[in-house]
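Remarks on the overall topology
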Amino acid sequence: MRKTLLLLSLLCVAHLLHAEDGYDLWLRYNRIDNNDLLISYRKTITAIHVAGQSPTMGAVKKELELGLNGLLDTHIAVTNKPANNTLIAGTLEALADLKLEDKPTGPEGFLIVSKVIDGKHYTIITGNTAAGVLYGTFHLLRLLQTHQPIEKLHIISTPRVKLRLLNHWDNLNRYVERGYAGISIWNWHTLPDYIDDRYIDYARANASVGINGTVLNNVNANATVLTAPYLQKVAALANVLRPYGIRVYLSARFSAPIEIGRLKTADPLNDTVRQWWQAKAKEIYQLIPDFGGFLVKANSEGQPGPQSYGRNHADGANMMADAVAPFGGIVIWRAFVYDPQANDRFKQAYAEFTPLDGKFRKNVLVQVKNGPIDFQPREPFSPLFGAMPQTPLMMEFQLTQEYLGQGTHLVYEAPLFKEVLDADTHAKGPNSTVAKVIDGSLYEHTLSGIAGVSNVGNERNWTGHLFGQANWYALGRLAWDYNLTSEQIATEWIRQTFSNNPAVVASIKEIMLSSREAVVNYMTPLGLHHIMGNGHHYGPAPWSNKAPRPDWDPVYYHKADATGIGFDRTASGTNALEQYQPAVRKLYADSNTCSDQYLLWFHHVSWQHKMHSGRTLWNELCHKYQQGVDSVSAMQHRWEQLKSHIDPERFHQVQMLLAIQHKDAIWWRNVCLLYFQTFSKMPFPANYEKPDHTLEYYQQQRFPYAPGN
Ligand code: BDP
């Protein structure tokens, strides 16, 4: 007895030590801390019955046991024969005897239903496939974690978007490009023999939010990943992820036939090159029968591509698409291209890709970043959305916060994602939202996809900043159902990650929901963009004008001078606006009616320009920068109030990071206003906090080892 007690208390201590370092993400499964609810849950579910034996059903069983034993803090029996109050999980086929009237839809959809059969109460989770059952399982666990009633369930859910992917920008040496959470979680050196538990937990986390694919390596790809020894490693990861409904994809380097195939060319119309890719695809599918396909960055930022051979993106994409088509694979071809010769980077992707609409194979998706430039705190939607009716376009969001304060700023990105998805392209009249382009419904495409550039690394809490987890979470949830609101998603995440206490939920929600506008305001208000430091992209450097190419320089984007500030993209400027439908153009074309948010995206306006608030542009700029700083102070204040409600480790981490964020917000404000003042020559408004340094001081700051560069 004493021995058991000792063991138990040791286990408890171990549990406490590791309990709240963030590793468990939103899958903490701690005992329900509301007694009435706990009692009612325990009554509703007294046993688990899992029908079927596949690896995925094994994952279902494991998760149900882990989740329910933890949440209900009791031992839940796993039975072969369902008795009263059993939770039954199985595919529709396996549960045929139950004769359910309602059916889940699609290959990944699920049905959760409370049913009385022959006088026995059951909670049933079913899907057309085991993957559906898995998604239903996580949904049910989420209901418990967020303290929802479960006695009378009737939930039918189907994902709106087919491919819900993470894109890892992870190099084979484990360096993560734009990674702020340690090194890559993929330990290529010890693969395929060593399977880190983290791989499984990564799979669980993704499955819990419906993410069903992962591109393992950086878009700036190394061809080595396509060599036989590395494919063995990829196959080992595929085996771990498969039970969780996750397929692996690889970024493919276009010149791989030269680099690892010893060919003289990578010309997509060359027969030997085509055969090389076909053979490579065959080799991959022999190892990984459900391999997802290739992601390709071509002719962009120095990457090789079809244009090097006088061919176009469709020629390149189609060659690879033909190679994977016999095996059911797809090619995701990125539209992130720009040209230093062009007068406006904004226009390049549209210019290169719209003429190719209709020329891509059926198994090609073109992946477009949310905005026309590059993951800025706020961008208008990319004009490509709605402009390529015959091509399925996939959305690329960036979870890793390259331009949003990197690893140290708390920025909840769901409002950014939603803003883009909800934007109306007017491509087929009103209500042709970006979301409808992406889910394929606007143009009746069967392929559809959303990708998030991963923010995951090997740091204990996965994302470096604890709140980065919320962005990973939000991507999955929105790809599953983009009609969820940012607030709903935040609420779910907070309840699972921190607490169900209404006051805690409300406070953290305030912090999260205000954070995106805060970062816009203290970095790039009123439509400013791309004014950060070159290379590492950390911190402000609006004066920069010496990058190897002009379109990497902040001065290219803000165009501040004695007359005013902003990029004229109207007919009197580069006319990028022309790439939008007339109804969208109308929103932005007139500097007097264009919303403040996008003003400097589309107009060069005078420092005296009268804003909607009645202030001059200069004063509004000062006001917005200050507002950004104030919002961060408010976030800090709210967090401080939560001290007694959050475990010390996570509380302190976030507290310290918020202090950095506050310091950085002040830095951004001071630098930008001091610098722009050299053009506006206007005084700071009376109540303005005086900068603590001169512009020269700020200009001399260097960050040689800023991460992720
Ligand atoms: C830019 C990043 C660069 C990426 C590139 C891309 O700075 O590291 O390689 O995007 O998306 O934002 O290809």
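Computed from a predicted model, the values in this text were never measured in an experiment.

Quick word on the site of the ligand
Among the 14 residues in the neighbourhood of the ligand, the closest are listed as Glu177, Lys297, Arg334, Asp374 and Glu402. Residue asparagine 220 places a side-chain N or O atom 3.0 Å away from an oxygen atom belonging to the ligand. Here the residues of the shell around the ligand are counted per class, giving four nonpolar, two polar and eight charged.

Quick notes on the environment of threonine 86
Position of threonine 86 relative to the elements: it lies in strand S3 (residues 86–91). Separated by 538 residues in the primary sequence, threonine 86 and lysine 624 have C-alpha atoms spaced 56 Å apart. Here threonine 86 is in contact with Ala47, Ile48, His49, Thr79, His121, Tyr122 and Thr123, once residues within four sequence places are set aside.

Looking at unusual backbone geometry
Glycine aside, residues mostly have negative phi angles, and peptide bonds mostly take the trans form. For the bond running from leucine 191 to proline 192, omega is 5 degrees, close enough to zero to count as cis. Relative to the elements of secondary structure, proline 192 occurs in the loop between strand S7 (163–167) and helix H5 (197–208). Positive phi outside glycine occurs at phenylalanine 375, with the angle close to 55 degrees. With respect to the helices, strands and loops of the structure, phenylalanine 375 is situated in the loop between strand S12 (364–369) and strand S13 (393–398). The residue leucine 526 is not glycine, and still its phi comes out positive at about 60 degrees. The topology assignment puts leucine 526 in the loop between helix H15 (502–523) and helix H16 (554–558). Judged by its relative accessible area of 5%, leucine 526 is buried.

Overview of the pairing of strand S5 (residues 120–127)
Most of S5 sits out of view: six of its eight residues are buried. As defined by bridge partners, S3 adjoins S5 across six bridges and the pair is classed as parallel. Residue threonine 91 lies in a different strand from S5, and its bridge partner there is glycine 127. Bridging between strand S4 (residues 110–117) and S5 involves eight bridges; their strand directions are antiparallel.

Some points on the sheet that holds S13
Spatial strand order, S7-S8-S9-S10-S11-S12-S13-S14: eight strands in a closed barrel with parallel pairing. When the angles between neighbouring strand axes are averaged without regard to direction, this sheet yields 25 degrees. Bridge count for S12 against S13 is four bridges, and the pairing is parallel. By the bridge assignment, valine 368 is partnered in S13 with methionine 395.

Section: the side chain of glutamate 352
Mapped onto the secondary structure, glutamate 352 falls in helix H10 (residues 348–353). For the buried residue glutamate 352, which engages in no salt bridge, the nearest side chain bearing the opposite charge is arginine 549, 8.9 Å off. Filtering out sequence-adjacent residues up to four positions away, glutamate 352 remains in contact with Gln307, His313 and Val337.

What to know about the packing of H15 against helix H19 (residues 617–641)
Axis separation between H15 and H19 bottoms out at 8 Å; the angle between their running directions is 155 degrees. Between H15 and H19, the interaxial angle falls into the category roughly antiparallel. Where H15 crosses over H19, the two elements pack in a sense that is left-handed. Across the interface between the two elements, Ser507, Ile508, Glu510, Ile511, Ser514, Ser515, Ala518, Asn521, Tyr522 and Met523 of H15 pack against Lys624, Tyr625, Gln627, Gly628, Val629, Ser631, Val632, Met635, Arg638 and Trp639 of H19. A breakdown of the residues in the contact of H15 with H19 according to their chemical character gives 10 nonpolar, seven polar and three charged.

Quick look at the domain arrangement of the protein chain
Quite often, the size of an interface is put as the accessible area lost when its parts meet. For the protein chain, the domain assignment lists domain 1 (21–157), domain 2 (163–497) and domain 3 (521–567 + 604–699). Between domain 2 and domain 3, the C-alpha centre-to-centre distance is 31 Å. Together domain 2 and domain 3 conceal approximately 2,200 Å² of surface at their shared face, both sides included; 55% is due to carbon and sulfur atoms. Summed over the shared surface of domain 2 and domain 3, the result is zero salt bridges. Taken together, the connections running from domain 2 to domain 3 amount to 15 residue pairs in polar contact (both at pLDDT 80 or more). Broken down by class, the residue content of the side of domain 2 that touches domain 3 amounts to 10 nonpolar, 10 polar and six charged.

Some remarks on helix H14 (residues 486–497)
For an α-helix, 3.6 residues make a turn, and residues three or four places apart therefore share a direction. End to end, H14 covers 16 Å across 12 residues, agreeing with the expected 16 Å (1.5 Å per residue, within 8%). Regarding H14, the residues found buried are Ser486, Ile489, Ala490, Thr491, Glu492, Trp493, Ile494, Gln496 and Thr497. On its buried face, H14 sits against helix H4 (130–145), helix H11 (414–422), helix H13 (468–480), H15 and helix H20 (648–680).

Thoughts on the nonpolar core
Counting 228 residues, the largest nonpolar core has Trp277, Trp639 and Phe676 as its most contacted members. Tallying contributions element by element places H20 first for this core, with 13 residues. If sequence neighbours within four positions are ignored, phenylalanine 676 has contacts with Leu528, Ile531, Pro542, His558, Ala560, Ile565, Trp607, Trp618, Leu621 and Tyr625. Ranked by size, the runner-up nonpolar core spans 11 residues in total, among them Ala51, Leu92, Leu111 and Ile124.

Some remarks on the sheet that holds strand S2 (residues 77–78)
As summarised here, the arrangement of the six strands in space is S2-S1-S3-S5-S4-S6, forming an open sheet in which the pairing is mixed. Each edge of the open sheet carries a strand with a single partner, namely S2 and strand S6 (154–157).

Considering the pairing of S13
For a regular strand, side chains alternate in direction, first toward one face of the sheet and then toward the other. In terms of residue burial, S13 counts as a mostly covered element, since six of its six residues are buried. Judged by which residues are buried, S13 turns out to be covered on both faces: Leu393, Met395 and Phe397 on one side and Met394, Glu396 and Gln398 on the other are all buried. The pairing of S13 with strand S14 (residues 449–453) spans five bridges and is parallel. Its bridge partner lying in S14, methionine 394 is registered against glycine 449.

A look at the environment of glycine 302
Tracing the backbone shows glycine 302 in the loop between strand S10 (293–296) and helix H9 (313–324). You can call glycine 302 exposed: its relative accessible area is 75%. Spatially, the C-alpha atoms of glycine 302 and asparagine 220 are 9.1 Å apart, while their sequence positions differ by 82 residues.

A short note on the confidence of the model for the protein chain
Per-residue confidence for the protein chain gives a mean pLDDT of 96, with 97% of residues at or over 70. Across residues 3–18 the pLDDT falls below 50, and counting only partners more than four positions away or on other chains, this stretch makes two contacts in the model.

Procedures and definitions
Per chain, residue numbering runs from 1 following the sequence as it is written. Local features in this predicted model are restricted to residues of pLDDT 70 or higher, and side-chain atom pairs are both shown and tallied only at a pLDDT of 80 or more, whereas totals for entire chains, interfaces and linings draw on every residue. Side-chain figures throughout are based on the complete set of non-hydrogen atoms in the structure, without hydrogens or water. By convention in this text, a residue qualifies as near a molecule or strand provided that one of its non-hydrogen atoms is within 4 Å of it. Under this definition, polar contacts are N or O atom pairs within 3.5 Å; protein pairs additionally need one hydrogen-donor-capable and one acceptor-capable atom, and for neighbouring residues in sequence, both atoms have to be side-chain atoms. By the convention adopted, Pro, Cys, Tyr, Trp, Phe, Met, Ile, Leu, Val and Ala count as nonpolar, Lys, Arg, Asp and Glu as charged, and the other residues, Gly among them, as polar. Helical segments are the DSSP runs of H or I of at least four residues, strand segments are the runs of E of at least two, and each set is numbered from the N terminus. Here, two residues are considered to be in contact whenever any of their heavy atoms come within 4.5 Å of each other. Summary of the burial criterion: residues with accessible area below 20% of their type's maximum are buried, those above 50% are exposed, and those between are partly exposed, where the area comes from a 1.4 Å probe applied to protein chains only. Pairs of strands are assigned from DSSP output, requiring at least two bridges between the strands. All axes here are fitted lines through C-alpha atoms, helices being fitted over the stretch that makes contact, and every angle between N-to-C directions spans 0 to 180 degrees. His is not counted, nor are the chain ends; Lys and Arg add positive charge and Asp and Glu add negative charge. Just to be clear on terms, a salt bridge is a Lys or Arg side-chain nitrogen sitting within 4 Å of an Asp or Glu carboxyl oxygen. Reported orientations rely on four angle classes, namely roughly parallel under 35 degrees, roughly antiparallel over 145, roughly perpendicular from 65 to 115, and oblique for the rest. Helix crossings fall into two classes, left-handed where the near helix is turned counterclockwise from the far one by less than a right angle and right-handed where it is turned clockwise. Marked domain ranges trace back to an automatic or database domain assignment. Buried area: the sum, over both parts, of the accessible surface (1.4 Å probe) that disappears when the two are put together. An expected span of 1.5 Å times one less than the residue number is assigned to each helix. Among buried residues, those of type Ala, Val, Leu, Ile, Met, Phe, Trp, Tyr and Cys that are joined through side-chain atoms within 4.5 Å constitute a nonpolar core. Confidence of the predictor at the level of single residues is given by pLDDT, which spans 0 to 100.

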